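# Architecture and fold: a report
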Amino acid sequence: MVDEVHAIDALSYEQRTFPPSTEFKANAIVSDQSLYLEGERDFEAYWARHARELISWAQPFTKTLEWDLPYAEWFSDGTLNVSYNCLDRQVLAGRGDKVAFYWEGEPGDSRVITYLQLLDEVQRFANVLKNLGIKKGDRVNIYLPMIPEAAVAMLACARIGAAHSVVFGGFSSQSLSDRINDAEAKLLITADGGWRRGEVFPLKSQADEALKSTTTIEHVVVVKRGNNEISMTPGRDVWYHEAMADADAVCDAEPMEAEHLLFLLYTSGTTGKPKGIMHTTAGYLTHVTTTFKYAFDHKPDTDIFWCTADVGWVTGHSYIVYGPLANGATQIMYEGVPNFPANDRIWQIIEKYKATIFYTAPTAIRTYMKWGAQELAKHDLSSLRLIGTVGEPINPEAWIWYNENVGGSRCPIIDTWWQTETGGMMITPLPGVTVTKPGSATFPLPGIGAELVDEQGNRVLSGGGYLTLTTPWPGMLRGIWGDQKRYRETYWSRFPGRYFAGDGAKLDSDGYLWLLGRVDDVMNVSGHRISTTEVESALVSHPSVAEAAVVGANDAMTGQAIIAYVTLRSGLEVDEKVLREHVAKEIGPIAKPKMIFFTPDLPKTRSGKIMRRLLRDVAEGRNIGDTTTLADASVVSELQRRASETPTED
Ligand code: ATP
Ligand code: MG
């Protein structure tokens, strides 16, 4: 091969490999290459088969895909109802008494909800929405804690063809009003308050504040959860429980066109202003139903599934509400934080409900590492058989820790790469087939096309590059709400004919994909293009380090200099020099951080992702930009204070 200039240097390759156990493979839904081969032969036929086998249609489709780049229509002449697929057909198949949700409130209260009860609740609430003037095509905003009513609200919208736009309950009133205005929503569903860290946090008062700067909301439905004092505006606001008591019990699921708008969801805003991502009915449902079944190797009769995401994120949409319910899954839903009343709450819940599949984020795993393995040792986690991650690259050492301490070295780990925009999983192991490597999301799922390219758009077959998607997929976004120009520019203009996801990745000699984080974060140090992920992983591979964030700051000598922010594991210490040498030894002297700051916390979005953009502002002494999606602004001011006090080393 010619001496090509890589878009991103590949500095390290993890050598350890983990095949699925013979026992896991023997019981897995997929244990050979057949699905991959089917997808490669004809991806359209692959998805059409799953749309027919896993989805119930009012009117079967005859057209699979119409592709007019960058616009796709999937199964366009079919009609179906998403809530029918998630609820009615489960009840008709005899699963009425099966538990849909084991719900655990933060204070320790709990509820058990069967499919029949969920169907009943959704029908009534769909009638409430109709009574309040909501029609097919309207937008409804949802601003709720993690309570079953969040799923009820989403499914009730789907039942009558209103598009929901869920806003994470931890977002400010400003974020809520921005999203309501962008979507021109007619109705808002919220709660008095929810439980978080042992206290009730207010939602209704935040919503009231938001509604001062909106004009489209006609009614507000309020779920009673926090029992905190709130004010109700007569004529506008109604209590959920009162409206439900008056509502008819029956609301038939209305068939929708395949391309009918199912929901809007604003991206989590790690890189900047969130975009209203549009997802439609049939393709999205097919994608999440198929991927849930295969990636989690889901067995409806025996599995207890727990995804720790909030319904406010795409993970909560696809793998708490639509994917699992369309598969008839039994799930755990938890309202609160992982450290209330103590640092072992997550493990206590797994033990209580005997969860078999657990799906969480690398940021959470690194937090559990920080708290220490003794918290897990207090509980019996032997019910688990498969564990997964989503949201950020997982550092190999965090992967190993997850494998040993949570998975008991017996559970396959699926590292799932996907985005709000992709709707469902894209690059992920098949747990009964794939030999995993710690830190690699491995291969595109069957029916998915992904390739790396260099600056010029030439295909990269080994080493670092830009991650692109080469074929349309059923769960793909259909656009950005109100801004189709931005849709084309953001995703389809950089490399002709390819969807560019914004992420960098590398390919090893076995063809495994390793996600390297966002290309905007890639550092340029003396002409080397170094990904933040690789330096962070090198830092996390030191036994004292729990979490690290790395950024490139302008530097007169080297172009950019590597600045690291490091959080240590509880009770451990390490010298800055030792860590710098550790990085040099792990991935090379070029990647040695110029400066390391120790910090108890890193700035993260409310979905838990590290916000490197802000750290770059801090490192370069700038005023920090838009912080509306930041979880805890005090972390940044503390880092700024320390940066101004630290003399430059070297
Ligand atoms: P915004 O697009 O508004 O900046 P965001 O990209 O964080 O926010 P999401 O759609 O929630 O919003 O996140 C998708 C991104 O998360 C991916 O593009 C990727 O950067 C990262 N990601 C998700 N899963 C993985 C994974 N398994 N490995 C590596 N990165 C991942
Ligand atoms: Mg993104």
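Described below are features of the structure shown in this document. (Residues numbered from 1 in each chain as written. Chains lettered and ligands numbered in written order. Predicted model: local features only at pLDDT ≥ 70, side-chain atom pairs only at ≥ 80, totals over all residues. Heavy atoms only, no water.)

Moving on: the pattern of salt bridges. Pairing is possible between side chains that carry opposite charge, provided their charged atoms lie close to one another. With the rule as written, the count across this model stands at 44 salt bridges. Notably, a salt bridge pairs Glu397 with Arg16, separated by 3.1 Å at the nearest N-O pair. With Glu397 in helix α15 (residues 396–406) and Arg16 in the segment before α1 (22–27), the pair connects residues that are 381 residues apart, well separated along the chain. The salt bridge involving Lys506 is made with Glu534; its shortest N-O contact spans 2.3 Å. Taken together, the residues span a long stretch of sequence, with Lys506 in strand β24 (residues 499–507) and Glu534 in helix α17 (residues 532–540) at a distance of 28 residues. Glu534 shares its class with Lys506; the two are buried. (Salt bridge = Lys/Arg side-chain N within 4 Å of Asp/Glu carboxyl O. Helix = DSSP H or I, 4+ residues; strand = E, 2+ residues; numbered from the N terminus. Buried < 20%, exposed > 50% of the residue type's maximum accessible area, 1.4 Å probe, protein only.)

Turning our attention to the state of the cysteines. Taken as a whole, this structure holds zero disulfides when the rule is applied. Here Cys307 stays free of any disulfide, with the sulfur of Cys86 as its closest cysteine sulfur at 15 Å. On the accessibility criterion, Cys307 (2% relative accessible area) is buried. Cys411 takes part in no disulfide bond, and the closest cysteine sulfur, belonging to Cys307, lies 17 Å away. (Disulfide = S-S within 2.5 Å.)

On to the sheet that holds β24, then. Read across the sheet, five strands follow the order β22-β21-β23-β24-β25 without closing on themselves; strand pairing throughout is antiparallel. Looking at which strands have only one partner, the edges of the open sheet turn out to be β22 (459–460) and β25 (513–518). When strand β23 (residues 463–469) meets β24, the two strands line up antiparallel, connected through six bridges. Residue Tyr466 lies in a different strand from β24, and its bridge partner there is Gly504. (Pairing = 2+ DSSP bridges.)

With that out of the way, let us pick up the site of ligand 1. By nearness alone, 20 residues border ligand 1, and Thr267, Thr270, Thr271, Thr420 and Lys609 come closest of all. Asp503 places a polar side-chain atom, nitrogen or oxygen, 2.7 Å from an oxygen atom of ligand 1. For ligand 1, an oxygen atom lies 2.6 Å from a polar atom in the side chain of Lys609. Protein chains bury 94% of the 630 Å² of accessible surface belonging to ligand 1 in isolation. Elements supplying a minimum of two residues to the shell around ligand 1: β20 (413–416) and β25. Residue classes in the shell around ligand 1 are distributed as four nonpolar, nine polar and seven charged. (Near = heavy atom within 4 Å. Polar contact = N/O pair within 3.5 Å; in protein donor to acceptor, adjacent residues only side chain to side chain. Areas by Shrake-Rupley, 256 points an atom, 1.4 Å probe, with all protein chains shown as cover. Nonpolar A, V, L, I, M, F, W, Y, C, P; charged D, E, K, R; others polar.)

Let's shift gears to the environment of Phe263. The topology assignment puts Phe263 in strand β14 (residues 261–266). Those residues in contact with Phe263 that sit more than four places away from it in its chain are Ala163, His164, Ile277, Met278, His279, Tyr284, His317 and Tyr322. (Contact = heavy atoms within 4.5 Å.)

It is worth spelling out the side chain of Glu392 at this point. Its place among the elements puts Glu392 in the loop between β19 (386–390) and α15. With relative accessibility at 12%, the residue Glu392 sits in the buried group. Polar contacts involving the side chain of Glu392 include one to the side chain of Arg366, which spans 2.9 Å. Separated by 3.3 Å, the side chain of Glu392 and the backbone nitrogen of Ile610 make a polar contact.

In short, the description is geometric, and any link to function would need to be established separately.
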